[in-house]
Amino acid sequence: MAEVKISAELRTEFGKGSARRLRREDKVPAVVYGHGSEPRHVALPHHDTLMALKNSNVLISLDIEGKRELVIPKAVQRATIRLGIIEHVDLLLVRQGEKVSVELPIHTEGELAPGGNLLEHVLNTLPVEAEATHIPESVTADIAGLDAGQSVLAKDIKLPAGVSLGVEDDAVVLQVVAAQAEAAAEGEGEAEEGAEA
């Protein structure tokens, strides 16, 4: 994953009023913390931040008034009414070679077995540990030919080199379930047969 460079300026004013003023200036209030250092309050350019956060685990090279820091987003607060507006970001300091815990989006490939089965995402993201400067964008689970009752476990997902699972190997990530309409119809048929007997 490529580094995204963003310039930040230190903030000296805090509170809701200050945050509103920043947002009116098209800036995002943020906090940079980690490695035992005092949290630093910064302001980020909104558009650059919005573009960078299209990938949830983006590595950001933050220029804080001439000092370069590597950070990853840990918490992003978005506006509930005005979509596309970032209200606040927590950024975690990282170092090259350091392992961090992140959650990767899960993509699927292949087609389920015929028969109207449905794929249920038990986990929407896969918790992993990866080197801060080599975080994959996502992981891919193979669902080809899976039938109702079958599942994909965390250990079944192929991880890139240097990435390890952040959950138990046997944690269910995806499972295939029979379509509800068919299952209900079968249940009614069985009930009728039982009534006749």
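What comes next concerns the included structure. (Residues numbered from 1 in each chain as written. Predicted model: local features only at pLDDT ≥ 70, side-chain atom pairs only at ≥ 80, totals over all residues. Heavy atoms only, no water.)

1. Some words on the overall build of the chain
What the chain contains, in helices and strands, is three helices and 13 strands. Burial status across the chain gives 34% buried among its 197 residues. Counting only carbon and sulfur atoms, one obtains 49% of the accessible surface of the chain, whose full area is about 11,600 Å². (Helix = DSSP H or I, 4+ residues; strand = E, 2+ residues; numbered from the N terminus. Buried < 20%, exposed > 50% of the residue type's maximum accessible area, 1.4 Å probe, protein only. Areas by Shrake-Rupley, 256 points an atom, 1.4 Å probe, with all protein chains shown as cover.)

2. Quick notes on the sheet that holds strand E13 (residues 172-177)
Strand pairing in a sheet is mediated by backbone hydrogen bonds. Such pairs are either parallel or antiparallel. In space, the three strands of this open sheet follow the order E8-E13-E11, with antiparallel pairing throughout. Either end of the sheet is taken by a strand with one partner, and the two such strands are strand E8 (118-121) and strand E11 (151-153). Here the average twist between neighbouring strands, direction ignored, is 15°. The pairing of E8 with E13 spans four bridges and is antiparallel. Within E13, the residue paired with Leu118 across the bridge is Val177. (Pairing = 2+ DSSP bridges. Axes fitted to C-alpha atoms, helices over the stretch in contact; angles between N-to-C directions.)

3. Here we look at the pairing of strand E6 (residues 86-93)
The pairing of strand E2 (residues 27-34) with E6 spans four bridges and is classified as parallel. By the bridge assignment, Ala30 is partnered in E6 with Val89. In terms of strand pairing, strand E5 (residues 67-78) meets E6 through seven bridges, oriented antiparallel. For Gln77, the partnering residue across the bridge sits in E6 and is His88.

4. Quick word on the layout of surface pockets
The computed volume of the largest pocket comes to approximately 170 Å³. Around the largest pocket sit Leu53, Ser56, Asn57, Ile72, Pro73, Lys74, Ala75, Val76, Arg78, Ser101, Val102 and Glu103, which together line it. Contributions of two or more residues to the lining of the largest pocket are made by E5 and strand E7 (99-109). The leading source of residues in the lining of the largest pocket is E5, at six residues. Broken down by class, the residue content of the lining of the largest pocket amounts to six nonpolar, three polar and three charged. (1 Å grid on protein atoms, 1.4 Å probe; cavity = no way out; pocket = protein on both sides within 12 Å on 5 of 7 lines; lining within 4 Å. Points joined across faces, edges and corners; volume = space filled by probe spheres on them. Nonpolar A, V, L, I, M, F, W, Y, C, P; charged D, E, K, R; others polar.)

5. Remarks on the environment of Pro160
Inspection of the secondary structure assignment puts Pro160 in the loop between E11 and strand E12 (164-165). For the pair Pro160 and Ile135, spaced 25 residues apart in the sequence, the C-alpha separation amounts to 9.4 Å.

6. Regarding the nonpolar core
With 26 residues, the main nonpolar core has Ile72 and Leu126 as its most contacted residues. Mapped by element, the contributors of at least two residues to this core are E5, E7, strand E9 (125-131), strand E10 (139-142) and E13. Among the elements that line this core, the one with the most residues is E7, at four residues. Excluding residues within four positions of it along the chain, Leu126 makes contact with Val102, Glu103, Leu104, Ile106, Val139, Ala154, Ile157, Leu159, Leu165, Val167 and Val173. (Core = buried A, V, L, I, M, F, W, Y, C linked by side-chain atoms within 4.5 Å. Contact = heavy atoms within 4.5 Å.)

7. Quick word on the environment of Leu146
In this fold, Leu146 is placed in the loop between E10 and E11. Here Leu146 falls in the buried class, since its relative accessible area comes to 14%. Sequence separation of Leu146 and Leu119 is 27 residues, and the distance between their C-alpha atoms is 9.3 Å. Setting aside its immediate chain neighbours within four residues, Leu146 contacts Leu112, Ala113, Asn117, Val152 and Val176.

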